[in-house]
Amino acid sequence: MSFIKKIDFGWIYLLCGLALTGAAIVLPAHNDLEEIISKKATIVDNLKELSHRVDVHKMFLKDVQDGNPEILKRLVEMQLNQSPSGTTVVIDKSSLRTPLAWVEQRAKRTRVVPMEIEHASILARFATGQGRLWLLAVGAFSIFVGLISGQTRCKV
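A quick note: this is a predicted structure, and the numbers were derived from the prediction, not measured.

Counting residues in each nonpolar core, the largest one holds eight residues, listed as Val56, Phe60, Ile71, Leu75, Met78, Trp102, Val103 and Ala107. Mapped onto this core, the elements with two or more residues apiece are α2 (9–66), α3 (69–80) and α4 (99–107). The residues touching Ile71, leaving out its near neighbours within four places in the chain, are Phe60, Asp63, Val64 and Trp102.

In structure tokens form, the structure reads like this:
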């Protein structure tokens, strides 16, 4: 007997079916996990940004409560539309009108958001959307073929 006649091709179908079915189950879950990790990192960055803004507002409130003369002078000038003594008044309609807007401008920081391009394999593309159902169906069919196509040896 030749080597090819001894090979049971049912095992090849069975293993391929298991691999396809496993890919249809594992790859979408892995993609969901990566998306959740990315969202978690974004939330942590947002939390740091909000914490920075709260710290800036707390510093402003502390300066106002402590009676910082520079801050109080700027607040009076801003609220009563007064100019510092000996300076020319120029009206700027786009300027900040409230102390909170002034503090908010101080609290702004530039953030860099990383943009990643997803390089998905053909199998990963099949494992998402409606392709996932087809991949499961092909995998299940391959498992079925692998289970029933074993060599039958009947002694007559």
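Summarising the model, the protein chain shows a mean pLDDT of 80, and 79% of its residues fall at 70 or more. Within the protein chain, helix α6 (residues 130–148) carries the highest mean pLDDT (91), whereas helix α1 (residues 3–6) carries the lowest (68).

Our focus in this paragraph is the pattern of salt bridges. Charged atoms that come close allow side chains of opposite charge to pair. Summed over all chains, the structure comprises three salt bridges. In this structure, the salt-bridge partner of Glu35 is Lys39, at a minimum N-O distance of 3.3 Å. Of this pair, Glu35 and Lys39 are both found in helix α2, four residues apart, which corresponds to roughly one turn of the helix. A relative accessible area of 43% means that Glu35 is categorised as partly exposed. With a shortest N-O distance of 3.5 Å, Glu49 and Arg53 are connected by a salt bridge. Of this pair, Glu49 and Arg53 both sit in helix α2, four residues apart, which is roughly one turn of that helix. On the basis of relative accessible area, Glu49 is assigned to the buried category, the value being 8%. Judged by its relative accessible area of 27%, Arg53 falls in the partly exposed class.

Turning to its location among the elements, Thr21 is positioned in helix α2. Once residues within four sequence positions are removed from consideration, Thr21 is found in contact with Leu136, Gly139, Ala140 and Ile143.

Right, let's get into α2. The end-to-end C-alpha distance of α2, which contains 58 residues, comes to 84 Å, matching closely the 86 Å that a straight helix rising 1.5 Å per residue would cover. The axis of α2 is deflected most strongly, by about 25°, at Ala23. Immediately downstream of α2, the backbone of Gly67 shows phi near 80°, a positive value.

What counts and how
Residues numbered from 1 in each chain as written. Predicted model: local features only at pLDDT ≥ 70, side-chain atom pairs only at ≥ 80, totals over all residues. Heavy atoms only, no water. Core = buried A, V, L, I, M, F, W, Y, C linked by side-chain atoms within 4.5 Å. Buried < 20%, exposed > 50% of the residue type's maximum accessible area, 1.4 Å probe, protein only. Helix = DSSP H or I, 4+ residues; strand = E, 2+ residues; numbered from the N terminus. Contact = heavy atoms within 4.5 Å. pLDDT = per-residue confidence, 0-100. Salt bridge = Lys/Arg side-chain N within 4 Å of Asp/Glu carboxyl O. Expected span 1.5 Å × (residues − 1). Bend = angle between axes of the 7 residues up to and from the residue.

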